[in-house]
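Report on the structure
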Amino acid sequence: MNELIKLLKQNARFSNEQLAAMLGTTPKDVAAQIEQLEKDGIIKGYSVILDENRADKDMVIANIELKVTPQRDCGFDELAKTVMMYDEVDSVSLMSGSYDLAVTVTGRNLKEIALFVAQRLSTIEGVLSTTTHFVLKTYKEKGIFIQEEDIDERGFVAP
Amino acid sequence: MINYDTVLSSKIKEIKPSGIRKFFDLAATIDNVISLGVGEPDFQTPWAIRKAAIDTLEKKRIIYTANSGLADLRHEISHYIDKKLNVKYNPEHEIIVTVGGSEAIDISIRALINPGDEVLIVEPCFVCYAPIVELTGGVPISVTTRLEDNFKLTADALKAKITSKTKLLILPFPNNPTGAIMTKEDLEPIAEILRDTDIMVLSDEIYAELTYGRKHFSITQLDGMQERTILINGFSKAFAMTGWRLGYLAAPEPLVTQILKIHQYAIMSSPTVSQYAAVEALIHCEREVKNMVAEYNVRRRLLVDSFNKMGLECFNPEGAFYVFPCIKSTGMTSEEFCEELLNEQKVAVVPGNAFGESGEGFIRVSYAYSLKHLMEALKRIEIFIRNRKSAE
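Predicted model only: the values in this text are computed from it and were never measured. (Residues numbered from 1 in each chain as written. Chains lettered and ligands numbered in written order. Predicted model: local features only at pLDDT ≥ 70, side-chain atom pairs only at ≥ 80, totals over all residues.)

This part is about the domain arrangement of chain B. Residues and elements named next belong to chain B. Per the domain assignment, the segments of chain B are domain 1 (4-45 + 287-385) and domain 2 (60-284). For domain 1 and domain 2, the distance between their C-alpha centroids amounts to 24 Å. Taken together, the contact between domain 1 and domain 2 spans 34 residues of the former and 34 residues of the latter. Of all the secondary structure elements, the ones that give two or more residues to the side of domain 1 that touches domain 2 are helix H2 (10-14), helix H12 (286-310) and strand S9 (322-323). (Domains from an automatic or database assignment. Contact = placed C-beta atoms within 7 Å. Helix = DSSP H or I, 4+ residues; strand = E, 2+ residues; numbered from the N terminus.)

Set out below in structure tokens:
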């Protein structure tokens, strides 16, 4: 992976000066590279990694497995596009294996999500079945420990 | 009551405790210290190596190995040295697996030094060489390196210290604490001086895997030098295996035969579980090492750039995981700087003079820490420097 992208994935808030120092280049060059990555659509945006439970106590996240019938000419794409239009839906991926679309949904409570699945997702034409899994606890997200800091057991000073 | 003062050997009483230790004790008394003082990797030992150790515990009897180490491991070490340096060592008679690089240093010095022999130690350096030399009755002689020479050993500095009593040169590159390396061109004039003599070289290459921008070069690769060199390396730094306590030495057979006697009587054999794990490290973990080096390199560049921007001249180290900025512009001694930084900003770094007098005026900063941790520490050091400047 591109060294710059690796660093931005670690922390998108590094300044161009810091990135330039770490990569052994100039801030101007970093700015140009980032602009190009954005223009090429490789960088889609910048977000924040939260401990969701502490940021919003009432938030519930569910992973939903959808089995669907692929449609003529467009396969799974049309159906995935329909699913992803809902604001409640955070992510949609086409999967290999025993189901087809993996959908992440957030809501205020279990009931809200259950109703969304029952009324919105399962009624879409071509959806054969849904299985809903609620997230109880997230341990690691995008390479970052959510529950605890990694504690340094080494001493202060060693030869 | 027994008088312990008369019980203890006079030699051991003369040995000074490590200067680092004193600083560690001081840091331990202060809350919320953030440290850049540690000389061991922050990475976890690669999983494949740990798994090999677990499998060993499950399936093998954990008994002594051969004195010189598992045959498989010695073969892999021999193969690894050949692959990296294109230098050949016979795994049967020219390699000993030791308890860390430290043991290799100890038993090599003990096997070579008679009372009164002079040992040239390239300084600043890791803290163990001089005390071990003193225990054997040898005389440690510092050969200092300078910032102007990028902390490389020069032929002139070496020549100036050679006498008829000189027995051994300790050559620790890539260097702790400076991060300096010796290239082929740097080593050739050193080798040229040594070729006509019976002076041996102890080449401590424990940081050999951690170089940035160019491959490590060993003095054993130069004509006529393998026969007068004891090559030392280990698993601690390259494979993030400090606590596994495993290193090795490679040297000509007549030396290894004698050195092995000390290892046999003092140690018997190195930790068996670690030895099996180390085989895995040498065969399968090249990619993990490469990733660690890439990560260290990012941090290294950040630190060099940041210290120079703060006005603390920092030469560009090409090896190990330390930077060694000069703090003379602050008007403080190394120890004053470190103590005040610790008290004011709660950042622990190591005073350069802990690595020999020639380290005075410098501090050793380790980058075996996450970027997040390094940036917080840099922020605090910058405030510390800024406060000094505005007070002037």
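So, on to the packing of helix H13 (residues 334-345) of chain B against helix H14 (residues 371-391) of chain B. All names here are of chain B. At a closest axis distance of 10 Å, the pairing of H13 and H14 adopts a crossing angle of 110 degrees. Overall, the two elements H13 and H14 adopt an arrangement that is roughly perpendicular. On the side of H13, the interface is formed by Leu 341, Glu 344 and Gln 345, while H14 contributes Arg 380, Ile 381, Ile 383 and Phe 384. Residue composition of the contact of H13 with H14, by class: four nonpolar, one polar and two charged. (Axes fitted to C-alpha atoms, helices over the stretch in contact; angles between N-to-C directions. Parallel < 35°, antiparallel > 145°, perpendicular 65-115°, else oblique. Nonpolar A, V, L, I, M, F, W, Y, C, P; charged D, E, K, R; others polar.)

Attention now goes to the domain arrangement of chain A. Along its sequence, chain A is organised into domain 1 (3-39) and domain 2 (52-136). Domain 1 of chain A and domain 2 of chain A are separated by 35 Å when their C-alpha centres are compared.

Right, let's get into the sheet that holds strand S1 (residues 60-68) of chain A. Residue and element names in this part refer to chain A. Across the sheet, four strands lie side by side as S2-S3-S1-S4; this open sheet has antiparallel pairing. Taken across any chain shown, the strands that pair with only one partner, and hence form the sheet edges, are strand S2 (89-94) and strand S4 (127-134). The sheet shows a mean angle of 20 degrees between the axes of neighbouring strands, taken without regard to direction. Pairing between S2 and strand S3 (residues 101-107): five bridges, direction antiparallel. Bridging across to S3, Val 89 finds its partner in Val 105. Across the face of the sheet, helix H5 (residues 77-84) comes into contact with S1, S2 and S3 while running at roughly 170 degrees to S2. (Pairing = 2+ DSSP bridges.)

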